[in-house]
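Close look at the chain arrangement
Listed below are the residues making up each chain.
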Amino acid sequence: MLQPKRRKFIKDFRGRRRGVATRGSSISFGDFALKAQEVSWITSAQIESARRTITHGLKKGGRVWVRVFPDKPITARPAGKRMGGGKGDISTYVAVVRPGMILFEVAGAEESIVREAFRKASAKLPIDVKVVSKEELGQ
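Criteria and thresholds
- Residues numbered from 1 in each chain as written.
- Predicted model: local features only at pLDDT ≥ 70, side-chain atom pairs only at ≥ 80, totals over all residues.
- Heavy atoms only, no water.
- Pairing = 2+ DSSP bridges.
- Helix = DSSP H or I, 4+ residues; strand = E, 2+ residues; numbered from the N terminus.
- Axes fitted to C-alpha atoms, helices over the stretch in contact; angles between N-to-C directions.
- Contact = heavy atoms within 4.5 Å.
- Salt bridge = Lys/Arg side-chain N within 4 Å of Asp/Glu carboxyl O.
- Buried < 20%, exposed > 50% of the residue type's maximum accessible area, 1.4 Å probe, protein only.

Now for the sheet that holds strand S5 (residues 89–97). Strand order in the open sheet made by the three strands is S2-S5-S4, with antiparallel pairing throughout. Whereas interior strands pair on both sides, the edge strands pair on one side only; in this sheet they are strand S2 (40–43) and strand S4 (72–76). In this sheet, neighbouring strand axes are inclined to one another by 50° on average, regardless of whether the strands run parallel or antiparallel. Looking at chain direction, S4 and S5 are connected through five bridges and run antiparallel. In the sheet register, Ala76 faces S5, and the bridge partner there is Asp89. Along the sheet, helix H1 (residues 44–58) contacts S2 and S5; its crossing angle with S2, the most-contacted strand, is approximately 70°.

Okay, here's the thing in structure tokens:
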């Protein structure tokens, strides 16, 4: 799974999950992209599952870029543990995703194949997404 190699501080605050993406909202590498429509945390396992689905759907045709990285640690306490005792251990890493953020990009494949691969990958993600192309965004 994806996770940072090292961090300055081990644990983070939860933060606010609102607003729209300003950075990471344009297609930079590929011809087609999967764009987020909702605010959410996406875990490293969900990102990897979607990436594998897209790669499998392209059948060795095309190149895939993953534009999100899970760099936020999420802690969890064991079930049945009493109150107190401090913050729990890190259970997973998540990427904070806001509406408009590009999650995956693909280049070098037919549009119908890419749209089908993105449709299958969207089932692996906990948010509503949209397939966009460079022509649609006018880039």
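Next comes the rest of the account.
It is worth spelling out the sheet that holds strand S6 (residues 102–107) at this point. What the four strands build is an open sheet, ordered S3-S6-S1-S7; its pairing is antiparallel. Edge strands, defined here as strands with exactly one partner in the open sheet, are strand S3 (63–66) and strand S7 (129–133). Pairwise comparison of adjacent strand axes, ignoring direction, gives a mean angle of 20° for this sheet. By the bridge criterion, five bridges tie strand S1 (residues 32–36) to S7 in an arrangement that is antiparallel. Opposite Leu34, over in S7, you have Val131 as the bridge partner. In the packing of H1 onto the sheet, contacts are made with S3 and S6, and the angle to S6 comes to roughly 20°. Along the sheet, helix H2 (residues 111–122) contacts S1, S6 and S7; its crossing angle with S1, the most-contacted strand, is approximately 25°.

Our next topic: the pattern of salt bridges. This structure, assessed with the given rule, holds five salt bridges. One salt bridge connects Arg115 with Glu111, and the closest N-O pair in it is separated by 2.9 Å. One end of the pair, Arg115, and the other, Glu111, are both in helix H2, four residues apart, so they sit about a helical turn from each other. Judged by relative accessible area, Arg115 falls into the partly exposed class, the value being 30%.

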